[in-house]
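Next come the chains, spelled out residue by residue.
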Amino acid sequence: MAQKILLAVAIGILLSSVVAEDNPPCKPFKDIYANGKELCEKMWDDAFKYETNETQAYDMWFFGKNPNEEMSKKLLPHVNSSDFDFCHLDYFHIDGPPSRENDAFTECHPWVDRACCTHDTVLSSEKLRKGYGAGYEWDRCGKMSPECERFFVHEACFYECEPAVGFYRKYPIGPHASVDGSGGSESHPVYNPVCDPYSGEYNPESPECESDHNSWQVYKMPIKASFCDAWFTACKNELFCALADGNFFGCARDYEAQAEANKTAELALNKTLEEQIKKNKELEAQLQNTSTTADNDDSLSAGVIVGIVAGCVVILLLIIFVLLLVIRERKGRALFSPMTEG
């Protein structure tokens, strides 16, 4: 029993050092993004375009009547009138026309009269923060100030609820394939489920697919520069994930890769633990059988057992340490690296 506990503790300590890698490298916003333009464009992987001519841009947050419907009609004269009454993104979004939500719809209240999101999807800021799973939280570097976090809530509400966002799909889909605010269907490939990793029809070997498609990505939707600048001002001293040049989705992908590496490491360590416990039991049985043939070997056998168990633990720790080194090297985070000045 003692060796089981000792081995489990040793593995737990080493495994925790692997899991600790889930925490991303963090820097202040101002050290990742130079200004509001970089924040809006780089953070969201070109989903939005920083637009200084605000008569040609959308509002991410508003009070009263939604100004974005008229802006879409102004910016997208090629869009059929029937297409304005449809939710074109396909993730948690409503499949059909925007809906009128009930009075409990308070977190994303600007869209209560006409929303492409359901109340359950945007129930609270916490629901929005965790909506896309582990690694996609905006506060992985620590709790944010209310004034900074509110801008992330605004963006989340805008993406989930605003009907106009669907006109800027990177891969236009379905009967509305001609709807593409960034220049028409000629600018981007029309969505093909054969090219979508999340589709049951996915076939990466298909000659139809030059790249992976999806039904949720947004591309270069013009957003008012003043909103992006205010976001930068509110968050410039907050910590944020600095991976992938400040790309929110790149940081999330890194988390997923690390989670998979941690899972593999945990399975390997658990297997090593089971094998070592089995070997220890076999050694104990052999030593006990040997001790019955000698009158004065009782105390010696106990000492030998302790020595062998300790030796096995040392060997096990060395094995785990090597596994840890390999995992970190594969992730580009060497445990031992040259020292640099400054």
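Each remark here, short or long, concerns the structure printed above.
Numbering of residues starts from 1 in each chain and follows the order in which that chain's sequence is written. This being a predicted model, a pLDDT of at least 70 is required before a residue's local features are given, and a value of 80 or more before pairs of side-chain atoms are given or counted; all residues contribute to the totals for chains, interfaces and linings. Hydrogens and waters are ignored; side-chain quantities use all the structure's heavy atoms.

## Notes on the packing of helix α6 (residues 146-161) against helix α7 (residues 225-235)
Contact geometry of α6 with α7 gives a least axis separation of 7 Å together with a crossing angle of 145°. Classified by chirality, the crossing of α7 by α6 is left-handed. In contact with Glu-147, Cys-148, Phe-151, Phe-152, His-154 and Glu-155 of α6, α7 contributes Phe-227, Ala-230, Trp-231, Ala-234 and Cys-235. Throughout, the ten residues Ala, Val, Leu, Ile, Met, Phe, Trp, Tyr, Cys and Pro are labelled nonpolar, Asp, Glu, Lys and Arg are labelled charged, and all others, Gly among them, are labelled polar. Considering only residue class, the contact of α6 with α7 consists of eight nonpolar, one polar and two charged. Note on geometry: axes are C-alpha line fits, over the in-contact stretch for helices, and angles between N-to-C directions span 0 to 180 degrees. The numbering of helices and of strands both runs from the N terminus, where a helix is a DSSP run of H or I of at least 4 residues and a strand a run of E of at least 2. By definition, any crossing whose near helix is turned counterclockwise from its far helix by less than a right angle is left-handed, and any crossing with a clockwise turn is right-handed. When checking whether two residues touch, look at their non-hydrogen atoms; a contact exists if any pair is within 4.5 Å.

## Description of the state of the cysteines
Criterion for a disulfide: a pair of cysteine sulfur atoms within 2.5 Å. Within the structure shown, the criterion is met by eight disulfides. One disulfide in the model links Cys-108 with Cys-157; its S-S distance is 1.9 Å. Torsion about the S-S bond of the Cys-108 and Cys-157 cystine: about -75°, corresponding to left-handed handedness. In this pair, Cys-108 sits in the loop between α4 (68-75) and α5 (125-130) while Cys-157 sits in helix α6, placing the two residues 49 residues apart along the sequence. The same class applies to Cys-108 and to Cys-157, which are both buried. In this model Cys-148 forms its disulfide with Cys-235; the gap between the sulfur atoms is 2.1 Å. Taking the sign of the S-S torsion, about 110° here, the bridge from Cys-148 to Cys-235 comes out right-handed. With Cys-148 in helix α6 and Cys-235 in helix α7, this residue pair connects regions lying 87 residues apart in the sequence. When its relative accessible area of 0% is taken as the criterion, Cys-148 is described as buried. Only protein chains enter the calculation, and the probe is 1.4 Å; a residue is then buried if its accessible area is under 20% of its type maximum, exposed if over 50%, and partly exposed in between. A relative accessible area of 0% places Cys-235 in the buried class.

## Observations regarding the pattern of salt bridges
Salt bridges, as used here, are contacts in which a Lys or Arg side-chain nitrogen is within 4 Å of a carboxyl oxygen on Asp or Glu. Scanning all chains against the criterion turns up 15 salt bridges. The closest approach of N and O atoms between Glu-41 and Lys-37, which form a salt bridge, is 3.1 Å. Of the two residues, Glu-41 and Lys-37 both sit in helix α3 (residues 36-43), four residues apart, roughly one turn of that helix. A relative accessible area of 17% means that Glu-41 is categorised as buried. A relative accessible area of 38% means that Lys-37 is categorised as partly exposed. Note that Lys-73 is salt-bridged to Glu-69, the shortest N-O span being 3.8 Å. With Lys-73 and Glu-69 both in helix α4 and four residues apart, this pair spans about one turn of that helix. Its relative accessible area of 39% is what places Lys-73 among the partly exposed residues. Through salt bridges that share partners, Glu-69, Glu-70, Lys-73, Asp-85 and Arg-114 make up one connected network.

## Some thoughts on the packing of aromatic side chains
For Phe, Tyr and Trp, where Trp contributes only its six-membered ring, two rings pair if their centres lie within 6.5 Å, and the inter-plane angle classes them as stacked under 30 degrees, edge-to-face over 60, or tilted in between. Within this structure, the stated rule accounts for 25 aromatic pairs. Ring geometry for Trp-44 against Trp-231: centres 6.3 Å apart, planes inclined by 45°, an arrangement best described as tilted. With Trp-44 in the loop between α3 and β2 (48-51) and Trp-231 in helix α7, this residue pair connects regions lying 187 residues apart in the sequence. For the pair formed by Trp-44 and Trp-231, the shared burial category is buried. With centroids separated by 6.0 Å and ring planes inclined at 80°, the aromatic side chains of Phe-227 and Trp-231 adopt a geometry described as edge-to-face. Here Trp-231 and Phe-227 lie together in helix α7, a separation of four residues that amounts to about one turn. Both residues of the pair, Phe-227 and Trp-231, count as buried. Through a chain of ring-to-ring contacts, the aromatic side chains of Phe-29, Tyr-33, Trp-44, Tyr-136, Trp-138, Phe-151, Phe-152, Phe-227, Trp-231, Phe-240, Phe-248 and Phe-249 assemble into a single cluster.

## Regarding empty space enclosed by the protein
The method works on a 1 Å grid over the protein atoms by themselves. A cavity is a set of points holding a 1.4 Å probe that cannot get out, a pocket is an open set with protein on both sides within 12 Å along at least five of seven lines, and residues with an atom within 4 Å of a point line them. Grid points are joined across faces, edges and corners, and a volume is the space filled by probe spheres set on the points. Under the criterion given, the structure shown has five cavities of 30 Å³ or more. In this structure, the largest cavity occupies an estimated 70 Å³ of space. For the largest cavity, the lining is made up of 13 residues, of which Glu-137, Arg-140, Phe-240, Cys-241 and Cys-251 are closest to its centre. At the level of elements, β4 (239-241) and α8 (248-291) are the ones that each hand at least two residues to the lining of the largest cavity. Taken together, the residues of the lining of the largest cavity break down into nine nonpolar, one polar and three charged.

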